[in-house]
Amino acid sequence: MSLVRVFLGTLFLLFLAFAAAPASIAQTGNSANVTGTVTDPSGAVVAGANVTIHNPVTGFERSTTTDASGNFSFANVPFNPYHLSVSATGFGAFAQDIDVRSSVPLALKIGLTIAGSSSTVTVEGGGDLLENEPTFHTDVDRALFDKLPLESASSSISSLVTLSSPGVAADSNGLFHGLGDHAENSFSVDGQPITDQQSKVFSNQLPIDAVQSLEVISGAPPAEFGDKTSLVIKATTRSGEGVTTPHGSVTASYGAFGTTNAGFDLAYGGEKWGNFISVNGLNSGRFLDGPEFTVMHDKGNEENIFDRVDYQFSAANSLHLDLLYTRSWFQTPNTFDGQFASPWFGVVVDNGGLGPNGVPVGPTDQRSKIGTYNIAPTFTHLINSSTVLTLGGFVRRDQFNYYGSDNPFADLGPSNLQQEAANQYRTLTNAGAHAELSVVKGIHNIKAGILYEQTFLTEHDTFGIVDPTLNAVCLNADGTPNTNPAITSQTQCTGTLTPNLGQGSVGAFVPILGCIDLTRSAALPVSDGCSAGQTNSAEFLFPGHTDVKQLAMYVQDSITWKNWSFNLGIRGDIYEGLSHATQAEPRLGVAYNIKQTNTVLRASYARTLESPFNENLVLSSIGCLNPTVGALFAAEGEGCTSGTATPLAPGFRNEFHAGLQQAFGKYLVVNAEYIWKYTHNAYDFSILGATPITFPIEWNNSKIPGYAISANLPNYHGLTALVVMSSVAARFFTPQIGGVGAVPITPGSFSPFRIDHDEHFNETTHLQYQPKKLWPWIGFNWRYDSGLVAGPVPCDGGNCAGAQIPGFVNVSGLSPDQQFEAGLSCAGVFATPPSPSNPTGTPIIASGLCPSSQYRSKFLQIPAPGTENDDHNPPRVASRNLFDLAVGDDNLFRGDRYKWSLRLTAINIGNKEAVYNFLSTFSGTHYVTPRALTAEVGFHF
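Predicted, not measured: the structure shown is a model, and the values here were computed from it.

J.: Please explain the sheet that holds strand E6 (residues 94-100) as it appears in this structure.
T.: In a beta sheet, neighbouring strands are held together by backbone hydrogen bonds and run either parallel or antiparallel to one another. The antiparallel open sheet is built from 4 strands, whose spatial order is E3-E2-E5-E6. In this open sheet, the two strands that pair with only one neighbour each are strand E3 (61-65) and E6. On average, adjacent strands in this sheet sit at an angle of 20 degrees to one another, irrespective of strand direction. Note: strand E2 (residues 50-54) against strand E5 (residues 80-87), 5 bridges, orientation antiparallel. Bridged to Asn50 within E5 is Ser87.

J.: Help me understand the environment of Ala631, please; the structure alone is not making it clear to me.
T.: By the secondary structure assignment, Ala631 is in helix H8 (residues 627-635). Sequence-wise, Ala631 and Gly529 are 102 residues apart; in three dimensions their C-alpha atoms are separated by 12 Å. Discounting chain neighbours no more than four positions away, the residues touching Ala631 are Val510, Ile512 and Leu513.

J.: What am I meant to see in helix H3 (residues 156-164) here?
T.: What sets the pattern is the α-helix's 3.6 residues per turn: residues three or four places apart point alike. Counted residue by residue, H3 has 9 buried out of 9 residues, so it is predominantly covered. Where H3 is concerned, the buried positions are Ser156, Ile157, Ser158, Ser159, Leu160, Val161, Thr162, Leu163 and Ser164.

J.: Looking at this structure, how should I read H8?
T.: Every buried residue of H8 is listed here: Thr628, Val629, Gly630, Ala631, Leu632 and Phe633. At its buried positions, H8 is contacted by strand E22 (420-441), strand E23 (444-465), helix H6 (511-514), strand E26 (540-561), strand E31 (668-687) and strand E32 (694-716). The N-cap residue of H8 is Asn626: its side-chain oxygen and the backbone nitrogen of Thr628 are 2.9 Å apart.

J.: I'm lost on the confidence of the model for the protein in this one. Help?
T.: Close inspection of predicted coordinates is inappropriate in any region flagged by low pLDDT. Per-residue confidence for the protein averages 89 on the pLDDT scale, and 91% of its residues sit at or above 70. Contacts from residues 17-24, a stretch scored under 50 in pLDDT, to residues over four places away or in other chains number 21 contacts. Low pLDDT (under 50) marks residues 118-124, which in the prediction has 15 contacts with non-local residues, meaning those over four places away or in another chain.

J.: Help me out: how do you make sense of the state of the cysteines in this one?
T.: Two cysteines form a disulfide when their sulfur atoms are joined by a covalent bond. Across all of its chains, the model carries 4 disulfides by this definition. Two residues, Cys795 and Cys800, share a disulfide whose sulfurs are 1.6 Å apart. Disulfide Cys795 to Cys800: torsion about the S-S bond roughly -90 degrees, handedness left-handed. Taking the relative accessible area as the measure of exposure, Cys795 reaches 2% and is therefore buried. Its relative accessible area of 9% is what places Cys800 among the buried residues. Shown here is the disulfide that connects Cys826 with Cys850, its sulfur atoms set 2.2 Å apart. Its torsion about the S-S bond being 100 degrees, the disulfide of Cys826 and Cys850 is classed as right-handed. Taken as a pair, Cys826 in strand E39 (residues 824-826) and Cys850 in strand E41 (residues 849-851) lie far apart in primary sequence, 24 residues in all. Residues Cys826 and Cys850 agree in their burial class; the two are buried.

J.: I tried to follow the sheet that holds strand E42 (residues 855-857) on my own but got confused; where do I start?
T.: Reading across from one edge, E40-E39-E42 is the order of the 3 strands in this open sheet, with antiparallel pairing throughout. Two strands lie at the open edges of the sheet, namely strand E40 (829-830) and E42, each paired on one side alone. As paired strands, E39 and E40 are joined by 2 bridges and run antiparallel to one another. If you follow Cys826 over to E40, its bridge partner there is Val829.

Scoring rules and cut-offs
- Residues numbered from 1 in each chain as written.
- Predicted model: local features only at pLDDT ≥ 70, side-chain atom pairs only at ≥ 80, totals over all residues.
- Heavy atoms only, no water.
- Pairing = 2+ DSSP bridges.
- Helix = DSSP H or I, 4+ residues; strand = E, 2+ residues; numbered from the N terminus.
- Axes fitted to C-alpha atoms, helices over the stretch in contact; angles between N-to-C directions.
- Contact = heavy atoms within 4.5 Å.
- Buried < 20%, exposed > 50% of the residue type's maximum accessible area, 1.4 Å probe, protein only.
- Polar contact = N/O pair within 3.5 Å; in protein donor to acceptor, adjacent residues only side chain to side chain.
- pLDDT = per-residue confidence, 0-100.
- Disulfide = S-S within 2.5 Å.

Now the structure itself:
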């Protein structure tokens, strides 16, 4: 039975649940409607009463007044507990705690008492700060992130998650590592699942202007979430429903690196409809985090438009539609090596910086363009006052174009960085449908659902060799590769030249790679096995396509009984792509509220199916079947298993969580969690040969223990504070079992190592102060990172990079620029990067051998001689402290209907020079943002 038939059959059963007689309006996705009627002691309605709901931890607050019938309504309220208060002239105050946990509308009956008599009031105390929930999570509302200094304007949601959620390790270009995994994160945007990568070198994110609130789930995921669940980020977008007077803003900013940003948003609607639209554009001279602190070749721009439409056909039926289009174009930042690529080519081949065609090579000029659109309609039917049926569909498409330099030889870099020119056209289209039935009855909050999605992957990769030493036909008399471009056959290896059969570190000549060796200018021998009719070397095209089909079904029940809370669920996943897997996944959680001490204790367990990354999945899974790809990886020392493919297979995970939440009075709540995750088939990313094209790979297993802590100080006389911290160990185990370059499992080869997103400790402290509501405000961030595991850093002993000579560190494998990027020094002498007057740069020591006692780095933590251990003491990035500041006034001229705002932001106030990573397997070397000052002015109505 096909997955589509299973989905349609289950959907039909859910349709049978339709019935009439609704009582109120249902909301979709990650939010609900809160409605109610306010009456006096006689039962008569009270018009004009002021109603407010507020969450002191997230900062969410909304107010309204009752209409002539005593009714009030709050649309699009994110799932969370709230404190509701009602006041009216002549009546006593009323307060009540409410819990919004389902799309089933919450309908309240509120009776007021006469002023001076007893009122129905829930005592406000530490209990307001607690959530009796088994699942560890962090809630963030616009009230916080409106004033939070964010480092990345083009991937603001990633920056927000990194700064506000414990357990997140910061990386470059909007990439973050949740709880020790590479990028096992998923988004749920108004109920639409998005499990593909969202960093800005893969896709374009939802603009933060469109977001009302975020809930970041770091604990064991409930059964409704699957696929990639290390972090689940639930985003509720802004709505115009009920906004009967148009509200919006126009903003413009200018800052460091010539960065300009302009935006517009508008919310407008009525009782039965609403529309919210956000449009903005960004142009920057530093779009990506570069491999040098100096900014070179780093321009980029991004434009996006988001539109949310809500419409209620009747009291029972409503439609919600999310529309998104966003486009980005950006340059790949250059290293000093790349900026002076022409002289660098002259080092490899003594031709004065000219390519084999005699044309000057010039600087590296790599660029990318990403276009993303998303369409996601959702229909909601209210069956009765306790049951809601939700039906939704979605289609999301990323088109990624990577353009190498117009002159392919400009892409040549150090042999450990890039030896091939490459181009890529790749599309990822994710389309699917989902249905959920939600029932709230007594102590039960039940949700059952089904999801079918199909991901269409198309990959066109072209590459050609631009390093004449990579696949030399002949060897010189001294054993070095001969780089004469006119030699294409080993029959030409005469005189002092000998055929290259492999010698020392020089790999043997592979005839089929001669077909794509752009450094060869003469005609190719017919015997090389090139394409029919090919007489000269040319770039190779790898075409790939596949469809990945996934079906998931689940049922879960959140049970509240006295002081207990239980989450019980079961999920089933079927994955059909280049590999196949099925998995039954129980989810369990329990929490107990000790009300006397304002303490919540919790524990949870989840089994999950871990699906492979979709980006370049075809190349990674079946590339080894292609003779050219296999030969290329062999030349790079990462040879495929001959004639076999190693497609990435879904893995499975068992994870255990235990934690507590403790409130101290009304003004402080601390949340702590211990995590232990064991994964069979653990994912990471690698690089195609030495090109910028990345692809997923798979390790045998991983063990990830750690802890995460958050402390929140709600508004205390205008001061709010949020502190998050974590320590997570990411221990992965060889061998690599999937992806291009994979080798078979061999007995006794299961050795652990710390992967390059392992970090001992990180923390963020955010302070925000606004003495009075109409006064100016200030926001401050302090971010500390102890440092990710670094790439191949030369050191003395252990498994250090470079040939080992006791008492010395061999740095000859790094170019002078790479030594400069790493902040290396020998006897106090630092490397000098390339420049027009010094095209190749100057290394820290001419011989390449530095005495261990004189070897240092200002950007890396290098193990002491003889102490390096891949598991317990690997090289790491040096620890860093970064400070950001924002000050602003949201109402400069104290207007009522129309307001002007001014905001000044400083990122990296101290201009700290530090790296996120160094020669990372996935992302290479990237520096943090230099000091960046930005001024923004806004008009609000």
